[in-house]
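Observations on the model geometry
Here is how the chains run, residue by residue.
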Amino acid sequence: MSVKNIITRRDFLRAGACITLGSFMGLPQGEGSPANREGKSRVVLVRDKDVLDSKEQINRIALEEMLDGAVTALLDVPDPSSAWRRLVTPSDIVGIKTNVWPYLPTPPPLNEAIRKRLVEAGVGEENISADDRGVLRDPVFQRSTALINVRPMRTHHWSGLGTLLKNYIMFVPHPSRYHDNACERLGAIWQLPHVKGKTRLNILVMLTPLFHGMGPHHFSRQHTWPYCGLIVSQDPVAADATGARIIQARRDAFFGGERQVTPSPRHIVAADTRFGLGNSRPERIDLIRLGWQEDQYL
Amino acid sequence: MRWGEAVKKTLFLLLVTLAAGWFSLLMTRKSFGASLETLAESLDRQVGAWAATGQDGTYDEETIYDYIDGAGEVYRAYNMQGCLSRTYTAAGGEPAIVLDIFDMGSSEDAFGVFTHDRDGKPATVGQDALYRQGWLSFWKNRFFVSLYMERETPAAKEAAFRLARAVASLIREEGRKPAILLGLPQKGLRDRSVRYLHHPMLLNYHYYLADENILNLGKETDALLAVYNRDGKRARFLLVQYPNPEKAKAACSRFLAHYLPEAGGKGPLRLENGKWAATSLKGRFLAVVLEADSRSLAEDLLGEAKACP
């Protein structure tokens, strides 16, 4: 009986902390992300309280302005056009990886805004596709040279948090095989040949995040709130870590005391320490705040 | 002749009565929770101000993913046979109530899926019920029932409970809990901590053990995970029933090899976090103290665990 290559709780105990397991297991540090692993990762948090009306319907113009402001600040360029031309070239074939979860999907106006900016940057309409569960069968995704990753932040039954990192689980044919240990191995998906190195931009939608889930559907409107934000970064780990801090702070405020996300979203730290996809620690994140400052939870 | 006719008449009436009785009994069983179909037929489509809208949804172990995304795995891991979904809506800005009835195939697995999430306040519906803000769940016989409100209002909560009781009354008979529960030590048991499961993925959800199935858990094994608190000392305890003693022994060996290689089957072992872990084999039962605050607590729990029938 082989006793090798099985990771157990004992390994975590020996390492002294669960979150650093990967780095102690001799696993390779990953490549393939534009995230700045040597220095800090830039993350833009942009908020506009008028992006949602009283019925939480999206103001498209305000949302486009948020996206424009975020990418401009992220890439430190004078205008959104310059930013998008830095992100993609006319020869790119771009897959926009969305999320179709019915209770909290990627907002269609945001998909449309991204598509519009890609076309303005010279990408052919026929070379752009937005998809979620069909990415492995989508001909544009199959030929893609670039990916834009966009999804709402929410709590999640298996991974603790539904994150940008988690959003790529549809790039594997059997997603459930990544559910063990709170989906800690999600970072491995980002190393697959058809994914690795393609992601140009990550947009974590924080318009009405879900901070607590329950029941078979894992959703209740009363556990969302109009945060009216987007978190934008080239580093998915830094963006997710920033979003996770906001979710945790909101939970603590709502429940009147510390109430940890369950299960712990350890895939975020593992994506940093085990898979080398980006920076999860706040001191390694250069956070730029734009727009509405009230109740930022950061 | 007249006597003979009277006998015939009596016999005929007796046969008719017996036939009617059997027919009635069959109809009763079929009408009261025999299947998701009969529940759907029998359940009122109007509950106070709430009325069922649209067609009922029905899902099997494959299509359940289309309905509840990744959480469908939980129900599959408890051998879900089918799910009936119905949405009730009301006017006046009241939230919708989503009713989901899961046929788990056995009362043991209905109990099991109920133990997957034990947050909330106990309620009196079915065999066990819990209420959290906006979500009521209960189990009865082989059914696990969930009623979810998009947001909680007093009227919606009242309607949800009324609907839940209507469902529970249609499931006429109660079901039994897993027999393995009898094997748990009782002293200091935190009742709400008990999880009944088969699948290693669910064990890892509640208590991460390993990235492989080192206890050989599966559909043919029953497992209980429980927390104990005795005199301020805590322990996490696992009891697994295998199909036969040979499989229990093999699982114990595999677990020791991967998780407690230093133990050598010689009593509790102190883990790196200062807690104690140990195993004990009793026929086809494997008891595991995953972590205990003291050596004596680990030994006591192993000693008290019973190999129930």
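Residues numbered from 1 in each chain as written. Chains lettered and ligands numbered in written order. Predicted model: local features only at pLDDT ≥ 70, side-chain atom pairs only at ≥ 80, totals over all residues. Heavy atoms only, no water.

1. Focus on the pattern of salt bridges
What counts, and what does not: Should a side-chain nitrogen of Lys or Arg be within 4 Å of a carboxyl oxygen of Asp or Glu, the pair is scored as a salt bridge. Here a helix means four or more residues in a row that DSSP labels H or I, a strand means two or more in a row labelled E, and each is numbered from the N terminus. Burial status follows relative accessibility: with a 1.4 Å probe on protein chains alone, a residue under 20% of its type maximum counts as buried, one over 50% as exposed, and anything between as partly exposed.
Here the structure, examined in full by the defined rule, presents 27 salt bridges over all chains. For E272(B), the salt bridge identified is with R14(A), shortest N-O distance 3.3 Å. Highlighted residues: E272(B) in the loop between β12 (269-270) and β13 (276-282) and R14(A) in helix α1 (residues 9-15), drawn from two different chains. Its salt-bridge partner being R117(A), residue E64(A) comes within 3.8 Å of it at the nearest N-O pair. With a gap of 53 residues between them, E64(A) in helix α3 (residues 60-75) and R117(A) in helix α5 (residues 108-120) connect regions that are remote in the sequence. Exposure remark for E64(A): the relative accessible area of 22% places this residue in the partly exposed category. Judged by its relative accessible area of 12%, R117(A) is buried.

2. Details of the nonpolar core
Looking at soluble globular proteins, one finds that nonpolar side chains tend to be buried together. Quick note on the threshold: Take the buried Ala, Val, Leu, Ile, Met, Phe, Trp, Tyr and Cys residues and link them wherever side-chain atoms come within 4.5 Å; each set so joined is a nonpolar core. An automatic or database domain assignment provides the domain bounds reported here. In what follows, residue pairs with any heavy atoms lying within 4.5 Å of each other are defined as contacts.
Of all hydrophobic cores here, the largest spans 119 residues; its most connected members are L184(B) and F237(B). Both domains that furnish three or more residues to this core are identified here as domain 1 (34-170) and domain 2 (179-304) of chain B. Discounting residues that sit within four places of it in the chain, L184(B) has contacts with L189(B), V194(B), L224(B), A226(B), Y228(B), F237(B) and L239(B). The next biggest cluster of nonpolar side chains, apart from the first, holds 37 residues, and it includes L63(A), M66(A), L75(A) and V232(A).

3. Considerations on the domain arrangement of chain B
Residue and element names in this part refer to chain B. Stated precisely, the cut-off is as follows: The quantity reported as buried area is the accessible area (1.4 Å probe) lost by two parts once they are put together, taken as the sum for both.
For chain B, the assigned domains read domain 1 (34-170) and domain 2 (179-304). With centres defined by C-alpha atoms, the gap from domain 1 to domain 2 works out at 32 Å. Between domain 1 and domain 2, the contact holds 17 residues from the first and 14 residues from the second. Interface area for domain 1 against domain 2, summed over the two sides, is near 1300 Å², with a carbon-plus-sulfur share of 52%. Contact with domain 2 buries area across many residues of domain 1, yet A77, H116 and R118 alone supply 41% of it, more than any other trio.

4. Concerning the packing of aromatic side chains
We count it as follows: Here a Phe, Tyr or Trp ring, Trp counted by its six-membered ring, pairs with any other such ring whose centre lies within 6.5 Å, and the pair is stacked when the planes are under 30 degrees apart, edge-to-face when over 60, and tilted otherwise. Criterion for a charge above a ring: Lys NZ or Arg CZ within 6 Å of the ring centre, and within 35 degrees of the ring normal.
Going through the model one piece at a time under the given rule, you end up with 24 aromatic pairs over all chains. Geometrically, the ring pair formed by W158(A) and Y205(B) is edge-to-face, given 5.5 Å between the ring centres and 80 degrees between the ring planes. Taken as a pair, W158(A) in the loop between β4 (146-156) and β5 (160-162) and Y205(B) in helix α7 (residues 200-206) lie in two separate chains rather than in one. Overall, W158(A) belongs to the buried group, its relative accessible area being 1%. Y205(B) gets classed as partly exposed once you look at its relative accessible area, which sits at 21%. Ring plane angle 20 degrees and centroid distance 4.0 Å describe the contact between Y168(A) and W190(A), whose orientation is recorded as stacked. Note that Y168(A) is positioned in the loop between β5 and α7 (180-183) and W190(A) in the loop between α8 (186-189) and β6 (199-210), a separation of 22 residues in sequence. W190(A) gets classed as buried once you look at its relative accessible area, which sits at 4%. Through a chain of ring-to-ring contacts, three or more aromatic side chains come together here, namely F211(A), W225(A), Y227(A), F254(A), F255(A) and Y297(A). Across the ring face of F255(A), the terminal group of R259(A) is positioned such that the distance to the ring centre comes to 4.2 Å.

5. Description of the interface of chain B and chain A
How big an interface is tends to be reported as the loss of accessible area on association of its parts. Put simply, the test is: Any pair of N or O atoms that falls within 3.5 Å is considered a polar contact. Within protein, one atom must be able to donate a hydrogen and the other to accept it, and sequence-neighbouring residues count only if both atoms are side-chain atoms. For this classification, Asp, Glu, Lys and Arg are treated as charged, while Ala, Val, Leu, Ile, Met, Phe, Trp, Tyr, Cys and Pro are nonpolar and the rest, including Gly, are polar.
Taken together, the 46 residues of chain B in the interface contact 35 residues of chain A. Taken over both partners, the interface formed by chain B and chain A buries close to 3400 Å², and the fraction arising from carbon and sulfur atoms is 56%. Counting across the interface, chain B meets chain A through 4 salt bridges. With a shortest N-O distance of 3.8 Å, E291(B) and R9(A) are connected by a salt bridge. For the pair chain B and chain A, the interface holds 17 residue pairs in polar contact (both at pLDDT 80 or more). Residue assignment for the side of chain B that touches chain A shows that the elements contributing at least two residues are α3 (64-68), α4 (72-77), β4 (97-103), β8 (143-149), α7 and α8 (245-259) of chain B. Taken together, the residues of the side of chain B that touches chain A sort by class into 24 nonpolar, 8 polar and 14 charged.

6. Some points on the packing of α3(A) against helix α4 (residues 80-87) of chain A
All names here are of chain A. Short version of the rule: Note on definitions: angles span 0 to 180 degrees between N-to-C directions of axes, and those axes are lines fitted to C-alpha atoms, for helices only across the stretch in contact. The sense of a crossing depends on the near helix, which, turned anticlockwise from the far helix by less than a right angle, makes the crossing left-handed and, turned clockwise, makes it right-handed.
Closest axis-to-axis distance for the α3/α4 pair is 8 Å, and the angle between their directions is 65 degrees. Our pair here, α3 against α4, has a crossing hand that is left-handed. The residues of α4 that touch α3, namely those facing L67, D68, V71, T72 and L75, are P80, A83, W84, R86 and L87. Residues belonging to the contact of α3 with α4 are distributed by class as follows: 7 nonpolar, 1 polar and 2 charged.

7. Focus: α5(A)
Residues and elements named next belong to chain A. Defined as follows: Multiplying 1.5 Å by the residue count of a helix minus one yields the expected span of that helix.
Between the first and last C-alpha of α5 there are 18 Å, a value that for 13 residues agrees with the 18 Å anticipated at 1.5 Å per step. Turning to α5, its buried residues are P109, L110, N111, A113, I114, R117 and L118. Count one or two residues on from α5 and you reach G122, which has phi positive near 105 degrees.

8. Some points on the pairing of strand β14 (residues 285-292) of chain B
All names here are of chain B. What counts, and what does not: Two strands make a pair as long as DSSP finds a minimum of two bridges between them.
Burial within β14 is extensive, with 8 of its 8 residues counted as buried. The pairing of strand β11 (residues 233-241) with β14 spans 7 bridges and is classified as antiparallel. Directly across from R236, in β14, lies its bridge partner E291. Inspection of the sheet shows β13 paired to β14 by 6 bridges, in the antiparallel sense. Within β14, the residue paired with W276 across the bridge is A292. Between β13 and β14, which pair antiparallel one after the other, the connecting turn spans 2 residues, and G283 there sits at a positive phi close to 60 degrees.

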